[in-house]
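Analysis of the macromolecular model
This is what each chain is made of:
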Amino acid sequence: KVWSHVEMPLFLKDRKLSSNVSECPPLGLESLKVKDNQLRASSFKRRGLGPHRGRLNIQSGTQDGDIYDGAWCAQYKDKNQWLEVDARRLTRFTGVILQGRNSIWSWDVVHSYKVQFSNDTLVWKPCMNGTQEAVFEGNQDAETPVLALFNTSTVARYIRINPQTWYQNGTQGDICLRAEVLGCALPDPNNIYAWQMEPTESRDKLDFRHHNYKEMRKLMKSVNDACPDITRIYSIGKSYTGLKLYVMEISDNPGKHELGEPEFRYVAGMHGNEVLGRELLLNLMQYMCQEYKRGDQRIVRLVKDTRIHLLPSMNPDGYETAFKKGSELAGWALGRYSYEGIDMNHNFADLNSVMWTAIELETDRSKLINHYFPIPEQYTSEEAFVASETRAVISWMQNIPFVLSANLHGGELVVTYPYDMTRDWAPREHTPTADESFFRWLATAYASTNQVMSNPDRRPCHNKDFLRYNNIINGADWHNVPGSMNDFSYLHTNCFEVTVELSCDKFPHASELPIEWENNRESLLVYMEQVHRGVKGVVRDKDTEAGIAYAIIKVDDIDHHIRSAADGDYWRLLNPGEYRVTATAEGYLPSSRICQVMYDYYPTICDFNLTKMPKQRLKDILAKGGKLPKDLQLRLRQLRMRKLRVTTKAINQRRAAAAKRAKTV
């Protein structure tokens, strides 16, 4: 019998495979756990269509014919072609998942195939269905993964996928496929030492599995119950279907903004099918709770010095859609969009165009603004095509003075930084912000401490080699993304934000989550610590010592200002160096000072005490019915005398002119 995912809905969710499959995980073609030299083929058309490209969900480049094509394609069109996987050890094979070719220009799928096994690549045993060789159902379209489970599992080292029928397209159709293989590795008696084995576990005792909405909520509550003094759960809004957007706050004073303490956020799950960020943030909140209770000084310092906000699922509707299919069957795009079909990565207000248009039209550069760009009215209307999740996040950004953030995605291994949008709508073009050097620092802080990104021997995920860029890139230099959250955050608020692409596989199997946590744990902590780099302080009224809200903080030679929060405190992220910083506020005289930023963990303190302009100061005192201080009385007397002298001089000049005219007459 030919089994397919349509006929056997039981197998659509990972963690719910039947006992005959025994929950065998994927070998790792998609996640790159299976190396290129473990893949062979009977033939291939060219290098870009070689066996190393026959990986589930691999994405092609924009042009056919390059080295990054979207499948393995055989050179010949007959039933003797095969793609071979070497598991490198005895493995109990239980199934295969197949996809067609990913291509903008070509349509190639395998409709049916056979499977063979071997221990030495010389003698091959076919997969049987009773007394006949089994023929498995393949694909009807290029993108939907199709699962075939074997009637009985087979123990072997090698497995071959042997296409039998394919889309002919007249005589133009090719034999092309992408695949994943399911199997459980058997104990290897030759590997008697632990160091000979690839690590598959984490030393941290965390809940490593995929959590749907209810399970996520339950886990967050368990963390809150375990650490009630440093955690708080709150919601910033609801998804289109009514699922709450839960945030975990971690701080020594949850629910309160403390003067001088920076606000940090991680956002995951903007695309619902990119699930690793969600699980990493759930792991992170568990880890910080456990380590804080153990007295880990690094975690204690982070909790006491920082107010941390973790949003594990910005798009819970999309996640639930992908979760129902499971880690290997969700494909590349299922669950990416909101319930309404909105890509939230393009759904924030395009403030870049507002800024660049103003630069082109305004002749007086002193009138230009470079921060806190207002949101266009047409974007805020109820009729605007803006997701409810996007609106909730924007409101969240406006209510809390965030300083630093990262947006966790999946499907690549790279850290991108603003701007994400090209200036002239080019497909890709390096488009830097005024804080280019610091954004590069931020991106490097994450990428250089990530165990996979920093591995010089790793292969590219799909169609771009980010190792050439040290695993960081200006977002617009990768591809044009108008309406991104990163750009909006930089132009509308004080917050600096980067995007972290966490893994080649958007939806890793649950068995891979412990290693993914190990790969990212240090990066997540190091990046949070960067919120304490630069200068910070409080802008106060010199007379009342009250904090001044929305004071503008300018740094010489950096054309991007930030503003103080409601209590007058501010944070300006900067690389080590010496800077001239100026604080200005309406009704006050500006104040400047030199601030030296060091390499220390703690930022440089640069407080400002602003003096009100005499006119403003007088208005405030008289409005309160107060008595004028002596310095202000003296200042007013001087101003009156100056005005009197100017007036007297003008009168005398007029009198002299009149006398001269009279004499002439």
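Residues numbered from 1 in each chain as written. Predicted model: local features only at pLDDT ≥ 70, side-chain atom pairs only at ≥ 80, totals over all residues. Heavy atoms only, no water.

1. Let's talk about the pattern of salt bridges
- Inspection of every chain in the model, using the stated rule, returns 32 salt bridges.
- A salt bridge links R209 to E215; the shortest N-O distance between them is 3.4 Å.
- A relative accessible area of 27% places R209 in the partly exposed class.
- According to the relative accessible area criterion, E215 is partly exposed, its value standing at 22%.
- It is possible to trace a salt-bridge network through shared partners that takes in R46, D69, R101 and D108. (Salt bridge = Lys/Arg side-chain N within 4 Å of Asp/Glu carboxyl O. Buried < 20%, exposed > 50% of the residue type's maximum accessible area, 1.4 Å probe, protein only.)

2. Remarks on unusual backbone geometry
- Note the cis peptide between P418 and Y419, where omega equals 0°.
- Note on placement: Y419 falls in the loop between β16 (414-417) and α8 (436-447).
- The backbone phi angle of D557 is positive, close to 75°, even though this residue is not glycine.
- Looking at the secondary structure, you find D557 in the loop between β20 (552-555) and β21 (558-563).
- Look at D557 and you get exposed, because its relative accessible area is 82%. (Helix = DSSP H or I, 4+ residues; strand = E, 2+ residues; numbered from the N terminus.)

3. A look at the UniProt feature "domain: Peptidase M14" (unreviewed entry) in the chain
- Feature annotation in UniProt assigns "domain: Peptidase M14" (unreviewed entry) to the following positions: residues 209-531.
- Secondary structure content for residues 209-531 is 37% helix and 15% strand, while the C-alpha to C-alpha distance between its ends is 30 Å. (UniProt positions renumbered as here; feature names shortened; annotations may be inferred.)

4. Regarding the packing of helix α7 (residues 388-399) against helix α10 (residues 485-492)
- Their axes nearest at 11 Å, the elements α7 and α10 cross at an angle of 30°. Compared by their axis directions, α7 and α10 come out roughly parallel. As α7 packs across α10, the resulting crossing turns out to be right-handed. Two secondary-structure elements touch here, α7 through V393, I394, M397 and Q398 and α10 through M485, F488, S489 and H492.
- Across the contact of α7 with α10, the residue classes tally to five nonpolar, three polar and no charged. (Axes fitted to C-alpha atoms, helices over the stretch in contact; angles between N-to-C directions. Parallel < 35°, antiparallel > 145°, perpendicular 65-115°, else oblique. Left-handed = near helix turned anticlockwise from the far one by under 90°. Contact = heavy atoms within 4.5 Å. Nonpolar A, V, L, I, M, F, W, Y, C, P; charged D, E, K, R; others polar.)

5. What about the layout of surface pockets?
- In this model, the second largest pocket occupies a volume close to 1,100 Å³.
- Lining the second largest pocket are 41 residues, with Q59, E412, N463, W478 and H479 positioned closest to its centre.
- Listing elements by their share of the lining of the second largest pocket, those giving two or more residues are β15 (402-409), α9 (475-478), α10 and β18 (496-501). (1 Å grid on protein atoms, 1.4 Å probe; cavity = no way out; pocket = protein on both sides within 12 Å on 5 of 7 lines; lining within 4 Å. Points joined across faces, edges and corners; volume = space filled by probe spheres on them.)

6. Overview of the confidence of the model for the chain
- Residues at a pLDDT of 70 or more form 93% of the chain, whose mean pLDDT is 90.
- Predicted confidence is poor over residues 1-22, with pLDDT under 50, and the contacts of this stretch with residues over four places away or in other chains come to 58 contacts. (pLDDT = per-residue confidence, 0-100.)

7. Observations concerning α8
- With twelve residues, α8 extends 16 Å from end C-alpha to end C-alpha; this agrees with the ideal 16 Å at 1.5 Å per step.
- Buried residues of α8: E436, F438, F439, L442, A443, A445, Y446 and A447, and no others. (Expected span 1.5 Å × (residues − 1).)

8. Let's talk about the state of the cysteines
- For the coordinates displayed, the defined rule picks out five disulfides.
- Here C24 is linked by a disulfide to C184, with a sulfur-sulfur distance of 1.9 Å. Around the S-S axis, the bridge from C24 to C184 shows a dihedral of about -115° and counts as left-handed. With C24 in the segment before β1 (39-41) and C184 in strand β10 (residues 176-185), this pair connects stretches of sequence that are 160 residues apart. (Disulfide = S-S within 2.5 Å.)

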